[in-house]
Amino acid sequence: MAVRAAERLVLLSSEPKRDSIAIALSGGNTPKLLYGLLGNEPFRQQVRWQRLEFFFGDERAVPPDHPDSNYGMVRRALSAEGLAKIHPMKADTGDSAAYQELLRRRVATSRRGIPLFDLILLGIGRDGHTASLFPGTAALEERENWVVMNEVPQLGTRRMTFTYPLLNEARLVWVLAPGREKKEIVKECLAARSLEGSEERWPVLGVRPEAGELIWWLDRDSAPGHLL
Ligand code: 6PG
């Protein structure tokens, strides 16, 4: 699955008439394999890095050199030195307005004046959270700001995260959900996705791009039987 996703990302980076391609990266463990593939041969030389600009869909409230930092994980996995512009989310400062301003400056906006990402990578937690939109947390209700600090009592911490208005403006959203440990939550989410208000219990279900494409990346271990 990571190889297929890397191949699709190579194609995205080479699309004609695109001089700057904005991509928001996911944290966690799942995308590490994909990032490692992209940062090494043969993909390293196939990706047109100079056209890409990377951002983060969420970040833990730790400095960039902390082991929990998504920024640190991506830089290590991509061996990113001098590879591409990567904009860390300084969640430890709590200044979500600064990141929002960065997006306003660096990312093309849609007709509605919302930053229009070419691709947003997301993961899914066992509780159905995505980015740092956790069940029952305030950020789920945010309809104005694109980036907020979100108190996450389940983790006893707060995180900086994209909100639904920003996520759902993207041209393309990938939810990466491979492996046995995602099987149960994938099954629950696919069963609940047409229920009214399901995103309160399974926040990933609130990711429904207005005009963009949504792709859930599943593999043999995580896909429900009827999809195999
Ligand atoms: C993070 C991610 C988070 C992650 C899920 C799944 O900062 O951790 O943004 O939303 O995608 O928790 O994590 P795994 O990939 O480790 O299962």
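Criteria and thresholds
- Residues numbered from 1 in each chain as written.
- Predicted model: local features only at pLDDT ≥ 70, side-chain atom pairs only at ≥ 80, totals over all residues.
- Heavy atoms only, no water.
- Near = heavy atom within 4 Å.
- Polar contact = N/O pair within 3.5 Å; in protein donor to acceptor, adjacent residues only side chain to side chain.
- Areas by Shrake-Rupley, 256 points an atom, 1.4 Å probe, with all protein chains shown as cover.
- 1 Å grid on protein atoms, 1.4 Å probe; cavity = no way out; pocket = protein on both sides within 12 Å on 5 of 7 lines; lining within 4 Å.
- Sits in = over half its atoms within 2 Å of the grid points.
- Nonpolar A, V, L, I, M, F, W, Y, C, P; charged D, E, K, R; others polar.
- Salt bridge = Lys/Arg side-chain N within 4 Å of Asp/Glu carboxyl O.
- Helix = DSSP H or I, 4+ residues; strand = E, 2+ residues; numbered from the N terminus.
- Buried < 20%, exposed > 50% of the residue type's maximum accessible area, 1.4 Å probe, protein only.
- Expected span 1.5 Å × (residues − 1).
- Arc of directions from axis to C-beta.
- Pairing = 2+ DSSP bridges.
- Contact = heavy atoms within 4.5 Å.
- Points joined across faces, edges and corners; volume = space filled by probe spheres on them.

Novice: Explain the site of the ligand here, please?
Specialist: In the region of the ligand, 15 residues are neighbours, and Thr30, Asp58, His129, Ala131 and Lys182 sit closest. In this structure, asparagine 29 approaches the ligand through a main-chain N or O atom, which is 2.8 Å from an oxygen atom. Between histidine 129 and the ligand, the recorded distance is 2.7 Å, taken from a side-chain N or O atom to an oxygen atom. When the free accessible area of the ligand is taken as 420 Å², the share hidden by the protein chains comes to 88%. Its atoms largely coinciding with the cavity grid, the ligand occupies the largest pocket. Of the residues belonging to the shell around the ligand, the class tally is 2 nonpolar, 9 polar and 4 charged.

Novice: What is the right way to look at the pattern of salt bridges in this model?
Specialist: Going through the model one piece at a time under the given rule, you end up with 11 salt bridges. Ionic pairing is found between arginine 159 and aspartate 58, a salt bridge with its closest N-O pair at 3.7 Å. With a gap of 101 residues between them, arginine 159 in strand 7 (residues 157–162) and aspartate 58 in strand 3 (residues 58–60) connect regions that are remote in the sequence. Accessibility classification places arginine 159 together with aspartate 58 in one group, the buried group.

Novice: Please clarify how helix 1 (residues 2–14) should be interpreted in this entry.
Specialist: Residues that lie three or four places apart on an α-helix share one face, since the helix turns once every 3.6 residues. Between its first and last C-alpha, helix 1 extends 18 Å over 13 residues, near the 18 Å set by a 1.5 Å rise per residue. Along helix 1, the residues that are buried comprise Ala2, Ala5, Ala6, Leu9, Val10, Leu12 and Ser13. Buried residues of helix 1, seen end-on, are gathered within an arc of 160° and therefore sit on one face of the element.

Novice: Just to check I follow, could you spell out the sheet that holds strand 8 (residues 172–176) for this structure?
Specialist: Two pairing modes exist for strands in a sheet, parallel and antiparallel, and in both the strands are linked by backbone hydrogen bonds. Spatial strand order, 4-2-1-5-8-9: 6 strands in an open sheet with parallel pairing. Strands with a single pairing partner mark the edges of an open sheet, and in this sheet they are strand 4 (85–86) and strand 9 (213–217). Two strands pair when backbone bridges link them, and strand 1 (residues 21–25) and strand 2 (residues 52–56) are joined in this way by 5 bridges, in the parallel orientation. Each bridged residue has a counterpart across the sheet, and for isoleucine 21 the counterpart in strand 2 is leucine 52.

Novice: Explanation requested: the side chain of serine 96 in the structure shown.
Specialist: Tracing the backbone through its elements, the reader meets serine 96 in helix 5 (residues 96–106). With residues up to four places along the chain from it excluded, the contact list for serine 96 reads Val147, Val148, Met149 and Met160.

Novice: Explanation requested: the side chain of glutamate 53 in the structure shown.
Specialist: Assignment of secondary structure puts glutamate 53 in strand 2. Look at glutamate 53 and you get buried, because its relative accessible area is 3%. In this structure the side chain of glutamate 53 is engaged in a polar contact, spanning 2.6 Å, whose partner is the side chain of histidine 87. Discounting chain neighbours no more than four positions away, the residues touching glutamate 53 are Ser20, Ile21, Ala22, Ile23, Lys85, His87 and Arg106.

Novice: What is the right way to read the layout of surface pockets from this model?
Specialist: Take a probe with the size of a water molecule and roll it over the atoms, and the empty space left behind shows itself. In this structure, the largest pocket encloses a volume near 330 Å³. By volume, the second largest pocket is sized at about 210 Å³. What lines the second largest pocket is Ser110, Arg111, Arg112, Leu116, Asn168, Glu169, Ala170, Arg171, Glu210, Ala211 and Gly212. Of the residues belonging to the lining of the second largest pocket, the class tally is 3 nonpolar, 3 polar and 5 charged.

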